[in-house]
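# Survey of secondary and tertiary structure
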Amino acid sequence: MNDTVRGLILRQTDYKEADVILQVLTKEYGMIAFRASGIRRMTSKNAGSVFPYTEADLSFDYKDGRTIFRLKTARTANLYRRMHTDMEMTAAAALVSEIAEQLTPHDDISHASQAYDLLKRAYELINEGAHIHTCTTLFIADMMRLNGITPQVDACLGCGRGDIAAFSAKEGGFLCRDCAAALGIMPQQTVDLKRIRLLVRATLARYELVIASTQAQLSDAVLLVEMIRTHTGTQVRSFRFYETAVQ
Ligand SMILES: [Zn+2]
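We now turn to the structure provided with this report. What you are looking at is a predicted structure, and each value in this text was computed from that prediction instead of being measured. (Residues numbered from 1 in each chain as written. Predicted model: local features only at pLDDT ≥ 70, side-chain atom pairs only at ≥ 80, totals over all residues. Heavy atoms only, no water.)

### Observations regarding the nonpolar core
Our working rule: Residues belong to a common nonpolar core when they are buried Ala, Val, Leu, Ile, Met, Phe, Trp, Tyr or Cys residues joined through side-chain atoms within 4.5 Å. Three exposure classes are used, based on accessible area relative to the maximum for each residue type with a 1.4 Å probe and protein chains only: buried under 20%, partly exposed in between, and exposed over 50%. Strands here are runs of E lasting at least two residues and helices are runs of H or I lasting at least four, both read from the DSSP assignment and numbered beginning at the N terminus. Residue ranges assigned to each domain were obtained from an automatic or database domain assignment. Note on contacts: a residue pair is in contact if any heavy atoms of the two residues lie within 4.5 Å.
Membership of the largest hydrophobic core comes to 62 residues, with the highest contact counts inside it found for Ile-99, Leu-119, Tyr-123, Phe-139 and Phe-167. Counting residues per element, this core draws most heavily on helix α1 (residues 87-103), at 10 residues. Formed jointly, this core draws a minimum of three residues from each of two domains, domain 1 (3-78) and domain 2 (82-151 + 187-245). Those residues in contact with Phe-167 that sit more than four places away from it in its chain are Pro-151, Val-153, Gly-173, Phe-174, Gln-188, Leu-193, Ile-196, Leu-223, Leu-224 and Met-227. Counting residues in hydrophobic clusters, the runner-up holds 16 residues, among them Ile-32, Ile-39, Phe-69 and Ala-74.

### Concerning the coordination of the zinc ion
The following threshold applies: Metal donors were taken as nitrogen, oxygen and sulfur atoms no farther than 2.8 Å from the ion, or 3.2 Å where the ion is Na, K or Ca. Water is excluded, so coordination may look unfinished. For a four-donor site, all angles between 85 and 135 degrees give tetrahedral; for four or six donors, opposite pairs above 155 degrees with the remaining angles between 65 and 115 give square planar or octahedral; all remaining cases count as irregular.
Those protein atoms acting as donors to the zinc ion are Cys-156 (SG), Cys-159 (SG), Cys-176 (SG) and Cys-179 (SG), and they sit at 2.2 to 2.4 Å. The site at the zinc ion holds four donor atoms, and with the angles between them running 103 to 116 degrees, its shape is tetrahedral. For the zinc ion, all donor residues lie on one chain, and their spacing in sequence is C-x2-C-x16-C-x2-C. Highlighted residues: Cys-156 in the loop between α3 (132-146) and β7 (164-168) and Cys-176 in strand β8 (residues 173-176), separated in sequence by 20 residues.

### Let's talk about the sheet that holds strand β5 (residues 68-70)
The following threshold applies: Here a strand pair is declared whenever DSSP counts at least two bridges between the two strands. Note on method: axes are straight lines fitted to C-alpha atoms, helices fitted across the in-contact stretch only, with angles between N-to-C directions ranging 0 to 180 degrees.
Across the sheet, six strands lie side by side as β5-β3-β2-β1-β4-β6; this open sheet has mixed pairing. Every other strand in the sheet has two partners, leaving β5 and β6 (73-78) as the edge strands with one partner each. Ignoring which end each strand starts from, the neighbouring axes of this sheet average 40 degrees apart. Pairing of strand β1 (residues 3-15) with strand β4 (residues 54-60) involves seven bridges; the strand directions are antiparallel. Within β4, the residue paired with Asp-3 across the bridge is Phe-60. Strands β1, β2 (19-26) and β3 (30-36) of the sheet are contacted by α1, whose axis makes an angle of about 110 degrees with β1. Strands β1, β2, β3, β4 and β6 of the sheet are contacted by helix α2 (residues 109-127), whose axis makes an angle of about 70 degrees with β1.

Below, the structure written as structure tokens:
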């Protein structure tokens, strides 16, 4: 049998002498892995078609119950060329790809399908030169929602008051002045809190609308990534490169 699936390649890891393992997000099967043989040999015909942060058509034999398959052929569907030649864009691609891999629920194919559309949109926007912090922050907020860890940005988490004074990644959202003080958390600027609320409530699908009124800052991404680290145990290793690469 010969199955073909379109997938977003999130990660490529060297395996044995000349093979690689690809982590791939698909709509049909969720998150799956492929072992691509001989990719690191000069003669490999698939080598040019399995780059991370691309969309590709991959052929293989599907078997129920398996999560890793031997790759037969690969053909790039979308290369996102510019994203691969610019360091800031590549850092953003690495970050959104890692978060997609870590936060896509494995037990729900409709969630995988939503994550796929989100990640594809993120690649497109980054590749088109959209504002990077805004793309990544909106994408992260969307993925947190999909994962059931949306920050609480309506009122104080502690007492429900509406006059908020700080965002706590550890607590998972907004706090009023009193509740923040009780936890030893410094108050933040209202303008920063309003921007975070807007970004968390928005979605990447409305990027154009969001960018018309605000631009995310690195500090917004820092808070959301900190919250992911605290609440899921995911390391988000690519964020270190992102923080230094993207101005
Ligand atoms: Zn409170």
